[in-house]
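What follows is the residue order along each chain.
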Protein chains: 4
Amino acid sequence: MKNVAILGASGYTGAELIRLLAGHPSIRIGALSANSKAGRPIEKVFPHLDHLDLPELVKIEEIDLSALDLVFCALPHRTSQSVIKDFPRDLKVVDLSADFRLRDPAEYERWYGTQHLAPEVQPEAVYGLTEVYRDEISKARLVAGTGCNAMCGLFVLRPLVAAGVADPDDLILDLKCGPTGAGRSATERLLYAELAEGASAYGYGGTHRHLGEFDQELSLAAGRDVRIRFTPHLVPMNRGILATAYVKGDAREVRNALEAAYEGERFVHVMPEGLPSTMSVRGSNLCKIGVAEDRVPGRALVVGALDNLAKGSSGQAIQNANLMLGLPEEAGLEVVPVFP
Amino acid sequence: MKNVAILGASGYTGAELIRLLAGHPSIRIGALSANSKAGRPIEKVFPHLDHLDLPELVKIEEIDLSALDLVFCALPHRTSQSVIKDFPRDLKVVDLSADFRLRDPAEYERWYGTQHLAPEVQPEAVYGLTEVYRDEISKARLVAGTGCNAMCGLFVLRPLVAAGVADPDDLILDLKCGPTGAGRSATERLLYAELAEGASAYGYGGTHRHLGEFDQELSLAAGRDVRIRFTPHLVPMNRGILATAYVKGDAREVRNALEAAYEGERFVHVMPEGLPSTMSVRGSNLCKIGVAEDRVPGRALVVGALDNLAKGSSGQAIQNANLMLGLPEEAGLEVVPVFP
Amino acid sequence: MKNVAILGASGYTGAELIRLLAGHPSIRIGALSANSKAGRPIEKVFPHLDHLDLPELVKIEEIDLSALDLVFCALPHRTSQSVIKDFPRDLKVVDLSADFRLRDPAEYERWYGTQHLAPEVQPEAVYGLTEVYRDEISKARLVAGTGCNAMCGLFVLRPLVAAGVADPDDLILDLKCGPTGAGRSATERLLYAELAEGASAYGYGGTHRHLGEFDQELSLAAGRDVRIRFTPHLVPMNRGILATAYVKGDAREVRNALEAAYEGERFVHVMPEGLPSTMSVRGSNLCKIGVAEDRVPGRALVVGALDNLAKGSSGQAIQNANLMLGLPEEAGLEVVPVFP
Amino acid sequence: MKNVAILGASGYTGAELIRLLAGHPSIRIGALSANSKAGRPIEKVFPHLDHLDLPELVKIEEIDLSALDLVFCALPHRTSQSVIKDFPRDLKVVDLSADFRLRDPAEYERWYGTQHLAPEVQPEAVYGLTEVYRDEISKARLVAGTGCNAMCGLFVLRPLVAAGVADPDDLILDLKCGPTGAGRSATERLLYAELAEGASAYGYGGTHRHLGEFDQELSLAAGRDVRIRFTPHLVPMNRGILATAYVKGDAREVRNALEAAYEGERFVHVMPEGLPSTMSVRGSNLCKIGVAEDRVPGRALVVGALDNLAKGSSGQAIQNANLMLGLPEEAGLEVVPVFP
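Computed from a predicted structure; not experimentally measured.

A look at the overall build of chain A
When its secondary structure is counted, chain A shows ten helices and 14 strands. Here chain A has a C-alpha radius of gyration of 19 Å; the compact-globule value for 340 residues is 20 Å, and the two agree. In chain A, buried positions account for 67% of the 340 residues. Put simply, 70% of the contacts in chain A that link residues at least 6 apart link residues at least 24 apart.

Encoded structure:
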């Protein structure tokens, strides 16, 4: 059994790590931290986990790092950098924050408006898009989990750009997501009353921070600069991202590129027909992708769906941890979607 | 007081007509029909209306048409044609179905897959986009209410095409709507369990019937053929359409065209900044439109929001009826959005 | 036209006051306060009100009280006492907080755990249960709006206790309500993610503060001490309280007592059959009550439904203000429920 | 590996059986039936299961019963009787319908208004309340799954009645549940638009069919007739039952009786403090129970929560099947609740 810690266990991605690891055959949770809630029993923080036999919540500094095989950092952005920077250099880490996603610290500063606190650690970080960087991740010490919106969008767009089957200057991504992507922070805009039964765009016009990831990864894949147009929308669903991409390219070629990219993949599926619903992936580590011809010749529609807390963050993190620890990649992750 | 009948009063648009007309200063509801539910008291059909003093539900043939100033037809598609065709030729009618929206009966057959049952009446019908066809509507005997999705999309796109500020060959409309647009039919896909907490595309790839209206109206406005790409998505909200349009055009010119088109309009507003939420219009006859520059130069984002049952159908119908009856256009329609 | 101010206009009850007053024929909003958001335009605080011609948000001290006919205080609990205490003694006030609901300041301290800051003003306050205290309210300077849960429960239980048709020692009230009753405060337990798709009890076992109101009003009605058992539950709906009462009494006598109590009332209706849904009252100033025999002889079930923001607070406040200002009691309040 | 069939695989309990069995170490799904949808691939019926390697949907008569170790019947009420009646008499069956829950066929006729079609099979049926009838179930050929509401209510009330710590003549059960308990039938009252954001009682006043089960089981436990008062309410949540019981009894004795009844149970937990939320059990096979003193001395509040599709039907069915097949009772059922 591998022994891991989850730092930041009082947030939604922390809870999702616990949920998925509870069914993992080869990983045990050795420590849980939650600085502001240290000392409280888990059932006060997450009543749905009260029946599990879990270590109590402590402060990070109380954890014996030497006993660990790997650490999951589900800490707030920026806190991750300052914590990971002081870790022993041989401690394996999967970070779920945005702190190490951008390879160039200058890009981090540009998108996050603050200086990178651990630029010396950044070169070690591998971008956690498992299906693309599987080999690097297997050998990595530090993996930077992707943004959940970025992951869904990249699953849909990256193979098209890499294969040259879609015009990289005409990529539009219209995304629908729920509030859990923003974490468990008590802010007015995330209140039930502000979200139930409504839909609205946010972070539009080139301002959403995940664009840093899109730019980085799509440009790398294309071998040239790629700048997508991206509009996320908040809709009333706790789990789920639906990414609708409008591309200039032949639908059949687009489908072929996607099928080639994900052939044999356990968690990313290209549907033989139809488009996916977020309900088809809820609670699971799956990403489902559908392709359709649009009515204008030479234009295609590609839609991806995943659960932002599972495949979009905590599931992805465990998948990467499995690779880093030499475990079967799918261990603990073969949970079936929950519907209804 | 003008005396009207509502045919098809047991559906959601019927109920919305009753709700709004209950506060109308110059229109009284003289008759209500609901063929399959004739004879039942309204509180069995719509408990929220049980405190109003309403006529009982009867069959259409029991209504004395000669006593009416105007009829609202909220009947199923196709039924409308067969009913309206037999009306006295001087009876004013606002039809909420799709039956008279397409000027060319051949287009009707193409999109609805069935022959037009009243082609001889079709030439009389005016397309009910009030803010565009106000004068014709004022003089019309028969007004064909627009599709709710089409209305929201046309409010956003039509002025751009008419003013030539957006490339008519590169118009994408990504729309989010709720299930009430599909009516009160007991079908599996509209069940609570099939929709709550999820998002999915439907009617994509050029198949949605409202494309007939888009093609017709945008081509007329442009003076040439226009074919938009349109993807509607179902999200869990009862009332509301959010239409996100991606256009090739300068954001400032786009804004100017929209502001010019809706200057002085009581119900269609261009926001000075920001983008609208469906929550800002719920329950009201308002359509709010926002414009933003996209990050790619020369591309703009335009978002429109309206309540599909109010401005999108029953509110629009009353607005048109007001014009046809010589009443103030805004009578009965100045209800404030309900939030939360 | 009467001129009023709304203090605390950035909360949900403040927004609901604005929504309802926008359609009021004889009241105009002369001033709006929102201390922490003073200086911000209303559309930044409530986008759904952006099309109304409203005064800008100011601090309370900037308002010229002498120009006002009445003030609505939608301030947080405790702030109300300190603000109202310094008002001119002839300024009419409808307070929506809990600050003046309990006639005995000792009871206030018991339930709210803090000293009453304006005990000298308390004797002036009339408890705002309009249908019961109509005459006193008409002559009052200060009316204390009821708790929304208390109002719904009292509408159901008070007539039974007053008429002696239910055993006052065996009253159970199981209540279902949504999160807007707790206001617009950014707290974790009110987040969308914490509430959507779930149900749970809160404030149970005699701890909910509205019990102070229940004890006071039911004991007064009975002429003896009455202590109900009360369990509120949080369910995912923004607007609505459903109060299910289990009483020992004959269903027919219970019905008679309710019908007698609310005969001729415009806003409180006893249904001839069936039980109400919150959907039948959403957005309106109505309370609907249904009665059913329970299967155990001599036991009845009484269910009341109202919209907590409308009849439960802001609608009630306007109804009381109408009485205090000599206006028709129903002015501005005849809005039809919004369904779906 | 044990080989099972699921009859009625196109309903929600069928899908839930598939979801849970997909992770079962010792049971494989050998056949799936769905008469009206026979021949359709599963992804047309349940897209969330499209990635599983499942047998195709066939008609019941196409299934080779001799190859099966056990059959799960998730068929509509009444169909179950006619199907099971013709099964070989040594075929093990877990029935999820109401058809064999009532030991006395006369009671079945009374509550379901129709004659029992297989009275000769009824004596074999064991009522599927696992934690109570574990031994009988282990030896049974036919187990009748409990009603989901009945199960939750019985978990809460049965130990109190059996231990004599609550007055059996004063039991009130106020229950909140979601629409999936009513199955996947396309009926108006289960539409999204009819349920979202609202709450209402149904099946009240002694009419709900699960009362047949309550009467039967509580009377057996008490050794005398027991008739509870029961009011179920529909609230907008797909998975979950919250059962609030009001009992006359000492809270400490009540707690003791519950703790004694469920000591060592893997799936039914008595919380040391607090009351449960449905969110704490969603997607899991858990039932959580909380106890609180009520404010009136000698009265207690007991609240139970479970997921109606999991522990309330399909999870329970698998738990019973495990017993019948000699497998570990918890096999395949240790899934952690999904939150948010």
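Here we look at the UniProt feature "active site" (unreviewed entry) in chain A
Residue and element names in this part refer to chain A. As annotated in UniProt, the feature "active site" (unreviewed entry) corresponds to Cys148 in the numbering used here. Relative to the elements of secondary structure, Cys148 occurs in helix 6 (residues 148-163). On the basis of relative accessible area, Cys148 is assigned to the buried category, the value being 14%. Leaving out residues up to four positions away in the same chain, Cys148 has contacts with Gly181, His210, Ile241, Leu306, Asn308 and Gly312.

Notes on the relation of the copies chain C and chain D
With an RMSD of 0.0 Å, the fit of chain C onto chain D corresponds to turning through 180° and sliding 0.0 Å along the axis. Viewed as a symmetry operation, the transformation between the two copies matches a two-fold axis.

Details of the interface of chain B and chain A
When the parts come together, some accessible area is lost, and that loss is often what is quoted as the size of the interface. With 51 residues of chain B in contact, the opposing surface of chain A contributes 52 residues. The largest per-residue losses of area from chain B upon contact with chain A belong to Glu197, Arg229 and Arg295 of chain B, which jointly make up 21% of the total buried on that side. Of all the secondary-structure elements, those providing two or more residues to the side of chain B that touches chain A are strand 8 (171-177), helix 7 (192-195), strand 9 (200-201), helix 8 (210-222), strand 10 (229-234), strand 11 (241-248), strand 13 (287-293) and strand 14 (299-306) of chain B. Looking at the side of chain B that touches chain A, its residues break down into 26 nonpolar, eleven polar and 14 charged.

Topic: the domain arrangement of chain A
Residues and elements named next belong to chain A. Assigned domains of chain A: these are domain 1 (2-146 + 311-324) and domain 2 (148-307). Computed over C-alpha atoms only, the centres of domain 1 and domain 2 are separated by 24 Å. Counting residues at the interface gives 26 residues for domain 1, matched by 33 residues for domain 2. A combined buried area of about 2,500 Å² lies between domain 1 and domain 2, and 52% of that area is made up of carbon and sulfur atoms. Among the residues of domain 1 in contact with domain 2, Tyr12, Trp111 and Lys311 are the three that bury the most area, contributing 29% of the side total. Linking domain 1 to domain 2 there are four salt bridges. A salt bridge links Glu16 to Arg239; the shortest N-O distance between them is 2.6 Å.

Some thoughts on the sheet that holds strand 14 of chain B
Residue and element names in this part refer to chain B. The sheet built from seven strands is open, its strands ordered 9-10-8-11-14-13-12 with mixed pairing. The sheet is open, and its two edges are formed by strand 9 and strand 12 (268-270), each paired on a single side. Pairing of strand 13 with strand 14, which is carried by seven bridges, proceeds in the antiparallel orientation. By the bridge assignment, Lys288 is partnered in strand 14 with Ala305. Running over the sheet, helix 9 (residues 251-262) touches strand 11, strand 12, strand 13 and strand 14 and is turned about 160° from strand 13.

Some remarks on the interface of chain C and chain D
Each partner contributes residues to the interface: chain C has 51 residues there, and chain D has 51 residues. Buried surface at the junction of chain C and chain D, both sides included, amounts to about 4,000 Å², of which 55% is carbon and sulfur. The largest per-residue losses of area from chain C upon contact with chain D belong to Glu197, Arg229 and Arg295 of chain C, which jointly make up 21% of the total buried on that side. The closest approach of N and O atoms between Lys176 of chain D and Asp174 of chain C, which form a salt bridge, is 3.1 Å. Where chain C meets chain D, there are 23 residue pairs in polar contact (both at pLDDT 80 or more). Elements supplying a minimum of two residues to the side of chain C that touches chain D: strand 8 (171-177), helix 7 (192-195), strand 9 (200-201), helix 8 (210-222), strand 10 (229-234), strand 11 (241-248), strand 13 (287-293) and strand 14 (299-306) of chain C. A class-by-class count of the residues in the side of chain C that touches chain D yields 26 nonpolar, eleven polar and 14 charged.

What to know about the side chain of Arg184 of chain D
Note that Arg184 of chain D resides in the loop between strand 8 (171-177) and helix 7 (192-195). A distance of 3.4 Å separates polar atoms of two side chains, one belonging to Arg184 of chain D and the other to Glu188 of chain B. Side chain to side chain, Arg184 of chain D and Glu194 of chain B meet in a polar contact 2.8 Å long. Here Arg184 of chain D is in contact with Phe339 of chain A, Glu188, Leu191 and Glu194 of chain B together with Ser10, Tyr12, Lys37, Val45 and Phe46 of chain D, once residues within four sequence places are set aside.

Looking at the UniProt feature "domain: Semialdehyde dehydrogenase NAD-binding" (unreviewed entry) in chain A
Cross-referencing UniProt, the feature "domain: Semialdehyde dehydrogenase NAD-binding" (unreviewed entry) maps to residues 3-140 of chain A in the present numbering. From the first C-alpha to the last, residues 3-140 of chain A spans 18 Å; its make-up is 28% helix and 17% strand.

A look at the packing of aromatic side chains
For the structure shown, the criterion picks out 26 aromatic pairs over all chains. When the ring of Tyr192 of chain A is compared with that of Tyr192 of chain C, the centres are 5.4 Å apart and the planes differ by 10°; the resulting orientation is stacked. Remark: Tyr192 of chain C occurs in helix 7 and Tyr192 of chain A occurs in helix 7 (residues 192-195); the pair is interchain, linking two chains. Taken as a pair, Tyr192 of chain A and Tyr192 of chain C share a single burial class, namely buried.

Comments concerning the sheet that holds strand 6 (residues 125-127) of chain C
Residue and element names in this part refer to chain C. Read across the sheet, seven strands follow the order 3-2-1-4-5-7-6 without closing on themselves; strand pairing throughout is parallel. Single-partner strands in this sheet number two, and they are strand 3 (57-58) and strand 6. With four bridges connecting them, strand 4 (residues 70-73) and strand 5 (residues 92-95) associate as parallel partners. Residue pairing in the sheet places Leu70 in a bridge with Lys92 of strand 5. Strands strand 1 (2-7), strand 2 (27-33) and strand 4 of the sheet are contacted by helix 1 (residues 12-21), whose axis makes an angle of about 160° with strand 1.

So, how was this worked out
- Residues numbered from 1 in each chain as written.
- Chains lettered and ligands numbered in written order.
- Predicted model: local features only at pLDDT ≥ 70, side-chain atom pairs only at ≥ 80, totals over all residues.
- Heavy atoms only, no water.
- Helix = DSSP H or I, 4+ residues; strand = E, 2+ residues; numbered from the N terminus.
- Rg over C-alpha atoms; globule rule 2.2 N^0.38 Å.
- Buried < 20%, exposed > 50% of the residue type's maximum accessible area, 1.4 Å probe, protein only.
- Contact = heavy atoms within 4.5 Å.
- UniProt positions renumbered as here; feature names shortened; annotations may be inferred.
- Least-squares fit on C-alpha atoms with pLDDT ≥ 70 in both.
- Buried area = accessible area lost by both parts, 1.4 Å probe.
- Nonpolar A, V, L, I, M, F, W, Y, C, P; charged D, E, K, R; others polar.
- Domains from an automatic or database assignment.
- Salt bridge = Lys/Arg side-chain N within 4 Å of Asp/Glu carboxyl O.
- Pairing = 2+ DSSP bridges.
- Axes fitted to C-alpha atoms, helices over the stretch in contact; angles between N-to-C directions.
- Polar contact = N/O pair within 3.5 Å; in protein donor to acceptor, adjacent residues only side chain to side chain.
- Phe/Tyr/Trp six-rings, centres within 6.5 Å; stacked < 30°, edge-to-face > 60°.

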